[in-house]
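# Breakdown of the fold
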Amino acid sequence: MNILLMAIMIVFGVAAILTVIRIIRGPSILDRAVASDVLLTEVMCVLGAEMAINGHTRNIPVLLIIAAIGVFGSIAVARFVARRDNTTQ
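Small disclaimer: the values here were computed from a predicted structure and weren't measured.

## Notes on helix α2 (residues 29–54)
Over its 26 residues, α2 runs 38 Å from end to end, which matches the ideal 38 Å to within 8%, given 1.5 Å per residue. Turning to α2, its buried residues number three or more, namely A33, A35, E42, L47, A49 and M51. G55 occupies a position one or two residues after α2 and carries a positive phi of about 70 degrees.

## Some words on unusual backbone geometry
Trans is the prevailing form of peptide bonds, just as negative phi is the prevailing case for residues other than glycine. Of note, the amide linkage connecting G26 to P27 takes the cis form, showing an omega dihedral of 5 degrees. Residue placement: P27 occurs in the loop between α1 (3–25) and α2.

## Quick word on α1
Counted at 1.5 Å a residue, the expected span for α1 with its 23 residues is 33 Å, and the 33 Å between its end C-alpha atoms agrees. Three or more residues of α1 are buried, namely L5, I8 and T19. Contacts made by the buried residues of α1 are with α2.

## Details of the environment of G26
By the secondary structure assignment, G26 is in the loop between α1 and α2. Using a relative accessible area of 0% as the deciding quantity, one classes G26 as buried. Excluding residues within four positions of it along the chain, G26 makes contact with D31 and R32.

## Quick notes on a nonpolar patch on the surface
Among the surface-exposed residues, M6, I10, V14, I17, L18 and I21 lie close enough to one another that they form a single nonpolar patch of about 560 Å² accessible area. Assignment of secondary structure puts I10 in helix α1. Of the residues examined, I10 reaches a relative accessible area of 52% and is grouped as exposed.

The rules behind the values
Residues numbered from 1 in each chain as written. Predicted model: local features only at pLDDT ≥ 70, side-chain atom pairs only at ≥ 80, totals over all residues. Heavy atoms only, no water. Helix = DSSP H or I, 4+ residues; strand = E, 2+ residues; numbered from the N terminus. Expected span 1.5 Å × (residues − 1). Buried < 20%, exposed > 50% of the residue type's maximum accessible area, 1.4 Å probe, protein only. Contact = heavy atoms within 4.5 Å. Patch = residues over 30% accessible without salt bridge, like charges linked within 9 Å, V, L, I, M, F, W, Y side chains within 5 Å. Areas by Shrake-Rupley, 256 points an atom, 1.4 Å probe, with all protein chains shown as cover. Salt bridge = Lys/Arg side-chain N within 4 Å of Asp/Glu carboxyl O.

Spatial relationships are all this shows, so hold off on functional conclusions.
Okay, here's the thing in structure tokens:
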């Protein structure tokens, strides 16, 4: 395995573990939403680095789907929190 790819996998692996800990511990839904966005971004970065190192573009549809899931998930959480804030006032 390429040494650069190994270093990338280690760095992003540690970051993913820390992000999953933040998703589990919370404490609020916004903390969990931001952590899930960070986790999706980390996955996208690893896929992008793998494409750049190996010189192919086969993962671009996967990157687009992950990006769309992240955007729609963030919008859904923002709408949920906005609605919840309006009902508590």
